[in-house]
Amino acid sequence: MSEALRPIRVAVWGLGRHACRNILPALSVCPDTTLVGVTTRNHAVARREIELYGCLFWASPEPMLSDERVDAVYVATPTGLHHSHGMEVLKAGKHLWSEKALADTFPRVQELVRESYERDLALCEGLMYLHHPQFSFIEDTVAQPSFGRVLSVKSQFGLPHLEQPGFRFSRELGGGALLDVASYPVSAARRLLGAHLDLVKSHVFQPSGFEVDTHGFALMSSPSGAYSFLEWGYNRAYKNEISVWGENASLHSGFIFSKPSGYEARVSVRDQHGKVRHKDIEPTNSFASMFSSFARAVYDRESRDQLRQEAELQASCLESLQRES
């Protein structure tokens, strides 16, 4: 960001484990943001975090939303609350930065997009891996003429049994593997094959006894004739990887979406004859990089338009997978 532009002053709404472990630390170190404060119903957690970061605490969202020291609000509440909380943020005149998925249905995402357009406010969906140099290297590699035409993308993302699954298995709170887990491989395929993919086949499974879907798969095609095969789910051996097959080369990388702290990413690229070379990438805080991108959008109209459009296309694609099942 230009030195002439001040950092964006951000408040965080919701302090679950993810927010405490990833969001607050990233906002505090990102040069383009200032962590102003937090609001949550869990006052014990709030006391711990405000002592750690020296920020404000609002006992309810109303004073946070009316506080002139806040430019943007990062919504880190359960997915089922994103739409109502997001509308409150936008109607208060604050830029909306939200955990994915932006809302639990496509029409609700459209409502948020319309509101952000009308108020000329940024609307940003948090898919942090897109801002990591690991994914940037993959994008650059497959775009090279030497890689040849991309033929297919395969991606799998699955989580093991979790002792504390949080909102994931609650219909009321917007749980389900489609919005929670499939968002990642779907967005990766769209970035590598084109924003508009045609659905060939998908199935979203909701086993008996569960309020929400727990796993699924999708086969999609691009206008160029390339295909993507995606799988996702809960309660399975952890898997988090992507493979791209081209006419002249192929690549594979693990821990593409979520990474342990300090993880040194590796992308393996094979030539037409299978000879492999490895690209090692230094540990990077992808959340901080994402927040820098969000901060730029606050000041740049073109970036705001692109992020709105991307959020709407992503939601439309996810809904199509559900509709096909």
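What counts and what doesn't
Residues numbered from 1 in each chain as written. Predicted model: local features only at pLDDT ≥ 70, side-chain atom pairs only at ≥ 80, totals over all residues. Heavy atoms only, no water. Core = buried A, V, L, I, M, F, W, Y, C linked by side-chain atoms within 4.5 Å. Buried < 20%, exposed > 50% of the residue type's maximum accessible area, 1.4 Å probe, protein only. Helix = DSSP H or I, 4+ residues; strand = E, 2+ residues; numbered from the N terminus. Contact = heavy atoms within 4.5 Å. Salt bridge = Lys/Arg side-chain N within 4 Å of Asp/Glu carboxyl O.

Go over the nonpolar core with me, naming the residues and quoting the values.
Counting 76 residues, the largest nonpolar core has Val-12, Leu-15, Tyr-74, Trp-97, Trp-232 and Phe-291 as its most contacted members. It is helix α7 (residues 177-193) that provides the largest number of residues to this core, a total of eleven residues. Ignoring sequence-local partners within four residues, the contact set of Phe-291 consists of Ile-23, Ala-26, Leu-27, Cys-30, Thr-33, Tyr-74 and Trp-97.

Could you give an account of the pattern of salt bridges, naming the residues involved and the relevant values?
Throughout the structure, instances matching the rule amount to 17 salt bridges. With a shortest N-O distance of 2.6 Å, Arg-6 and Asp-71 are connected by a salt bridge. Of this pair, Arg-6 sits in the segment before β1 (8-13) while Asp-71 sits in the loop between α3 (61-65) and β4 (72-75), placing them 65 residues apart in sequence. For Asp-71, a relative accessible area of 13% corresponds to the buried category. Ionic pairing is found between Arg-69 and Asp-67, a salt bridge with its closest N-O pair at 2.8 Å.

Residue-level account of helix α4 (residues 82-91), with values.
Taken across its ten residues, α4 has seven buried, putting it largely inside the fold. The complete set of buried residues in α4 reads His-82, His-83, His-85, Gly-86, Met-87, Val-89 and Leu-90. Packed against the buried residues of α4 are β1, α3, β4, β5 (95-99) and α5 (106-119). One or two steps after α4, the chain reaches Gly-93, where phi turns positive at roughly 85°.

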